[in-house]
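A structural walkthrough
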Amino acid sequence: MGVKRGNNVSPVSVLFERFRKLSMKVRIFLGALLAVSALVALDFFVKDHYYFFIAAEAIHAAGIIVLLYKLFAQKTCSGLSLKTQELTALFLAARLCCSTLIEASVHTMLDSISLLSTILVIWMIRFRLKKSYIKELDNLRLYYVVVPSAILAIFIHPFTAHWRLLRIVWAFSLFLEAVSVLPQLRYMKNAKMIETFTGYYVFALGVARFLSLAHWLIQTYESGGTYLFLFRSGYFWFFAAFLAEMVQSFILADFCYYYIKSFMQGQLLRKMPV
């Protein structure tokens, strides 16, 4: 599974091994209990839930900067999916366009940093380091995720009297973001290995998604569930946005679990879990 950083068996390793031997139902229950505990802790210590989104976008930007460090320091793009970076640039550009025209905020600045960094990553892969890019492993067709996201956005988006086209673009960016990591996960499964800095990047995405999902779950709890079911006047959008966050969180949950497990055992995650 990974590269050992020590020879002694730690209590954490023993704990993870015992956890692995538990039945699937018990593991799901304990995982859900841990997630709920984390949400309660976040709700207790962070009173303004708006900061969850800011932290999520900052962590996403940090993950992309980690990729840039890899590209410039190691002079290779091995392990990286160009298609995930292209999808990331697309949804960031769409979201940035909407936030700039509708209401510029700190999100606009963070998205700008992420977009410029992503464009630089794409340029490095396509031109400077293209010899180390293995196109055959990056084989998920983009229209499998772009077209369904666009169709969903046309039918499910915030309905307002003004800026309707921008609202559709905003919905498109959210739906596309939910599945943008799929090419990277597909690449790693095809390669049957995980490059260290790529692992850092994907784990950063997982942490960012957990923070965003935490906002939705806490808001849902505090509103008694009505936050998601304001169906009148097009407010089905809230439920759809929540589902998009859930989808992306579940896509990344398996990877993040094995990543944390390997780290706590003193290892680096080297292979995708089967």
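Given the structure is predicted, the values throughout are model-derived calculations rather than measurements.

Check the secondary structure of the protein chain and you find 10 helices and zero strands. Starting at the N terminus and walking to the C terminus, you meet the elements of the protein chain as α-α-α-α-α-α-α-α-α-α. Among the 274 residues that make up the protein chain, the fraction classed as buried is 44%. Here the analysis covers contacts within the protein chain between residues at least 6 apart in sequence; of these, 80% occur between residues at least 24 apart. Counting every atom, the protein chain has about 15,000 Å² of accessible surface; 70% of that belongs to carbon and sulfur.

Taken as a whole and assessed by the stated rule, the structure comprises three cavities of 30 Å³ or more. In this model, the second largest cavity occupies a volume close to 50 Å³. His60, Thr84, Thr88, Phe91, Glu177, Ser180, Val181, Tyr201, Leu205, Arg209 and Gln248 are the residues that line the second largest cavity. Taken together, the elements giving at least two residues each to the lining of the second largest cavity come down to helix H4 (82-102) and helix H9 (196-222). For the lining of the second largest cavity, the class distribution of residues is four nonpolar, five polar and two charged.

It is worth spelling out the environment of Phe53 at this point. Relative to the helices and strands, Phe53 is located in helix H3 (residues 50-74). The spacing of Phe53 and Ser212 is 159 residues in sequence and 5.6 Å in space, taken between C-alpha atoms. The contacts of Phe53, once residues within four sequence positions are left out, are His107, Ser212, His215 and Trp216.

Next up on the list: unusual backbone geometry. Even without being a glycine, Lys75 presents a positive backbone phi close to 60 degrees. In this structure, Lys192 is a non-glycine residue whose phi angle is positive, near 60 degrees. If you trace the backbone, Lys192 turns up in the loop between helix H8 (182-191) and H9.

The next point concerns the packing of helix H6 (residues 143-155) against helix H7 (residues 164-179). For the pair H6 and H7, interaxial distance at closest approach is 8 Å and the crossing angle is 140 degrees. Of the possible angle classes, the one that applies to H6 and H7 is oblique. Once H6 is placed against H7, the crossing between them reads as right-handed. Listed contacts from H7 to Val145, Val146, Ser149, Ala150, Leu152, Ala153 and Ile154 of H6 are Ile168, Ala171, Phe172, Phe175, Leu176 and Val179.

On to the UniProt feature "transmembrane region" (unreviewed entry) in the protein chain. Taking the numbering used here, the UniProt-annotated feature "transmembrane region" (unreviewed entry) corresponds to residues 28-46, 52-72, 141-159, 165-185, 197-218 and 238-260. Secondary structure across residues 197-218 comprises 100% helix and 0% strand; the distance between its end C-alpha atoms is 32 Å. From the first C-alpha to the last, residues 238-260 spans 31 Å; its make-up is 100% helix and 0% strand.

What counts and how
Residues numbered from 1 in each chain as written. Predicted model: local features only at pLDDT ≥ 70, side-chain atom pairs only at ≥ 80, totals over all residues. Heavy atoms only, no water. Helix = DSSP H or I, 4+ residues; strand = E, 2+ residues; numbered from the N terminus. Buried < 20%, exposed > 50% of the residue type's maximum accessible area, 1.4 Å probe, protein only. Contact = heavy atoms within 4.5 Å. Areas by Shrake-Rupley, 256 points an atom, 1.4 Å probe, with all protein chains shown as cover. 1 Å grid on protein atoms, 1.4 Å probe; cavity = no way out; pocket = protein on both sides within 12 Å on 5 of 7 lines; lining within 4 Å. Points joined across faces, edges and corners; volume = space filled by probe spheres on them. Nonpolar A, V, L, I, M, F, W, Y, C, P; charged D, E, K, R; others polar. Axes fitted to C-alpha atoms, helices over the stretch in contact; angles between N-to-C directions. Parallel < 35°, antiparallel > 145°, perpendicular 65-115°, else oblique. Left-handed = near helix turned anticlockwise from the far one by under 90°. UniProt positions renumbered as here; feature names shortened; annotations may be inferred.

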